[in-house]
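Structural characterization, general
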Amino acid sequence: LTNGLHAQGPNEANYDEAKVPKYVLPEVLRTTSNIEVKNKTTWESVRRPELIKLFEDNIYGQMPKKYSNIKYTVSNRDANAMNGKAELKQVLIEVFNNNTSVKINLVLFVPNAAKKPVPVFLLINNRGKENTDPTRATKSEFWPAEMLIDSGYAIAAIHVTDLAPDDKEKYVNGVLQLYPDQLTADNGMKAIGAWAWGASRVMDYFETDKEIDATKVAVVGHSRGGKASLFAAAEDQRFAMCITNCSGNTGAALARRQFGERINRINASFPHWFNTNYKKYNNNENALPVDQHMLIALVAPRPLYATNASKDLWADPTGTFLSLKNAEKVYALYGKKSNLPATPPGINQPIIQSPLAYHNREGDHNLTAYDWSNFIRFANFHYKKGK
Ligand code: GTR
């Protein structure tokens, strides 16, 4: 197989724009009782909570907000990491509920030269643990910590395995132990919900760390991790910024286009990611009461950056761009004007000076230094740190 295209079987994936079916997106600014949403008050009091519930009930599962206790322990600290450029803090975040606990291992580098408190990027790492090596013996473009430190940002990471192992049997061994009711509910949380929940527990920690500016936390994820970063930012409005990199189906891309990966395929390959109700939409996208532009809209008015890679048609770059476009009107309720063009920009032409940002990087499905360098420019713009 070439060009990142996946095997075509009986449920053959479509990569032909001409074969995208005609579709009508559910209206983001109209409530289920058919009231037009004309201002942010109605959006926040009626439509926003309604959409959160629709996403929880039909796709990602519930997001439990309560737990009995949380403890933070600095397990390792080095004031002079990265040749003195950064402070390393490894923090064990232990969350207790239902007479059990989960342990989240946070790796955090804070730039020594920066004024405190400092903004931070938090990656939900869905790939190898070596990507976020605290010793820096291994360095990876997936989490280029030195680049962020040199740009004056703190950078943090957690690994999904601590929350819900990415496995259709083992995913129950983590956050789900704290919330056993979720396991039997048709709208119960599964792995992607657990990963997003974990990002919020890191947010709880950041609110206690005087070196970190908890009002400037960007939650970042790639692919399945990008589905989680988007859901986390929709659910938890403490996140100031969201970055969803190549998140594709059930991430930033519109489901109704049925381009590349589809719901039937994602549910078959990864039955442990989304709730039981979501299986009802296999080969039945039009029955969904939502589409993914509404998940983007739930991040409004906070800055959101979605990306694609040119060879990653499986994640539907055009469908991702259209998702952003269809969320623009919710940003507009807040007076936030999107600067996205009417049609997708060319390859390697990032649109950054906009609350809804986008690029389609040349290359494969991945999270690279190119992507991160643009996330830094995006944060510089929105945090007004200069260009
Ligand atoms: C693929 C999956 C995508 C995406 C990707 C990844 O196999 O079909 O939805 O999540 O994995 O996480 O890299």
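Coordinates for the structure precede this section.
Residues numbered from 1 in each chain as written. Predicted model: local features only at pLDDT ≥ 70, side-chain atom pairs only at ≥ 80, totals over all residues. Heavy atoms only, no water.

1. Regarding the site of the ligand
The condition is simple: A single heavy atom is enough: if one lies within 4 Å of a molecule or strand, its residue is considered near that molecule or strand. Here a polar contact is taken to be a pair of N or O atoms separated by no more than 3.5 Å, where protein atoms must pair a possible hydrogen donor with a possible acceptor and residues adjacent in sequence count only if both atoms sit in side chains. To measure how exposed things are, a 1.4 Å probe is used in the Shrake-Rupley method; for residues, cover is taken only from the protein chains shown. Each residue gets one label: Ala, Val, Leu, Ile, Met, Phe, Trp, Tyr, Cys and Pro are nonpolar, Asp, Glu, Lys and Arg are charged, and the others, such as Gly, are polar.
The environment of the ligand is formed by Ser 223, Arg 224, Lys 227, Glu 261, Ile 266, Phe 270, Trp 273, Trp 314 and His 365. In this structure, Arg 224 approaches the ligand through a side-chain N or O atom, which is 2.5 Å from an oxygen atom. At 2.9 Å, a side-chain N or O of His 365 approaches an oxygen atom of the ligand. In isolation the ligand offers 310 Å² of accessible surface; the protein chains occlude 85% of this area. Residue classes in the shell around the ligand are distributed as four nonpolar, two polar and three charged.

2. Quick word on the sheet that holds strand E3 (residues 100-111)
Our working definition: The pairing criterion is simple: DSSP has to find at least two bridges between the two strands. Per the convention used, a helix needs a DSSP run of H or I reaching at least four residues, while a strand needs a run of E reaching at least two, with both numbered from the N terminus. Only the stretch in contact is used when a helix axis is fitted, and all axes are lines through C-alpha atoms; the angle between N-to-C directions ranges over 0 to 180 degrees. By definition in these notes, contact holds between two residues if any of their heavy atoms fall within 4.5 Å.
The sheet built from nine strands is open, its strands ordered E1-E2-E3-E5-E4-E6-E7-E8-E9 with mixed pairing. Among the strands making up the open sheet, the edge pair consists of strand E1 (69-80) and strand E9 (356-361). Along the sheet, successive strands turn relative to each other by an average axial angle of 20 degrees, direction set aside. Relative to strand E5 (residues 154-159), strand E4 (residues 118-125) runs parallel, the two sharing six bridges. Bridge pairing links Ile 124 to Ile 158 in E5. Against the sheet, helix H12 (residues 369-382) makes contact with E4, E5, strand E6 (212-222), strand E7 (241-245), strand E8 (304-309) and E9, and its axis sits at roughly 160 degrees relative to E9, the strand it touches most.

3. Quick word on the packing of aromatic side chains
Counted only if it meets this: Any pair of Phe, Tyr and Trp rings, taking the six-membered ring for Trp, is counted once the centres come within 6.5 Å. Such a pair is stacked with planes under 30 degrees apart, edge-to-face with planes over 60 apart, and tilted for the rest. Consider the ring centre and the ring normal. A charge sits over the ring if Lys NZ or Arg CZ is within 6 Å of that centre and within 35 degrees of that normal.
By the definition in use, this model includes 19 aromatic pairs. Each ring, one from Phe 321 and one from Tyr 358, has its centre 5.5 Å from the other, and the planes form 70 degrees; the classification is edge-to-face. Highlighted residues: Phe 321 in helix H10 (residues 317-325) and Tyr 358 in strand E9, separated in sequence by 37 residues. In textbook terms, an aromatic cluster arises when at least three aromatic residues are bridged by ring pairs, as seen for Phe 55, Tyr 60, Phe 231, Phe 270, Trp 273, Phe 274, Tyr 278 and Tyr 281. Against the face of Trp 197 rests Arg 201, its NZ or CZ located 4.9 Å from the ring centre. The side chain of Lys 216 reaches across the aromatic face of Tyr 383, ending 5.6 Å from its centre.

4. A word on the pairing of E8
The condition is simple: The buried label applies to any residue whose accessible area, calculated with a 1.4 Å probe on protein chains only, is under 20% of its type's maximum; exposed applies above 50%, and partly exposed to all values in between.
In terms of burial, E8 is largely enclosed, as six of its six residues are buried. Covered by surrounding structure in E8 are Leu 304, Ala 306 and Asn 308 together with Tyr 305, Thr 307 and Ala 309, the residues of both alternating faces. Here E7 pairs with E8 via four bridges, running parallel. Each bridged residue has a counterpart across the sheet, and for Ile 243 the counterpart in E8 is Tyr 305.

5. Let's talk about helix H6 (residues 191-206)
Side chains of residues three or four places apart in an α-helix project in the same direction, reflecting 3.6 residues per turn. Stated precisely, the cut-off is as follows: An expected span of 1.5 Å times one less than the residue number is assigned to each helix.
With 16 residues, H6 extends 23 Å from end C-alpha to end C-alpha; this agrees with the ideal 22 Å at 1.5 Å per step. With respect to burial, H6 is a largely interior element, 16 of its 16 residues being buried.

6. Topic: the pattern of salt bridges
Where we set the bar: Salt bridge, as used here: a side-chain nitrogen of Lys or Arg that lies within 4 Å of a carboxyl oxygen of Asp or Glu.
The full count for this structure, using the stated rule, is 22 salt bridges. Measuring nitrogen to oxygen at the nearest pair gives 3.7 Å for the salt bridge that ties Lys 103 to Glu 94. Given a relative accessible area of 16%, Glu 94 falls into the buried group. With a shortest N-O distance of 2.8 Å, Asp 204 and Arg 238 are connected by a salt bridge. Here the residue Asp 204 occupies a position in helix H6, and Arg 238 occupies one in the loop between helix H7 (224-235) and E7, the gap between them amounting to 34 residues.

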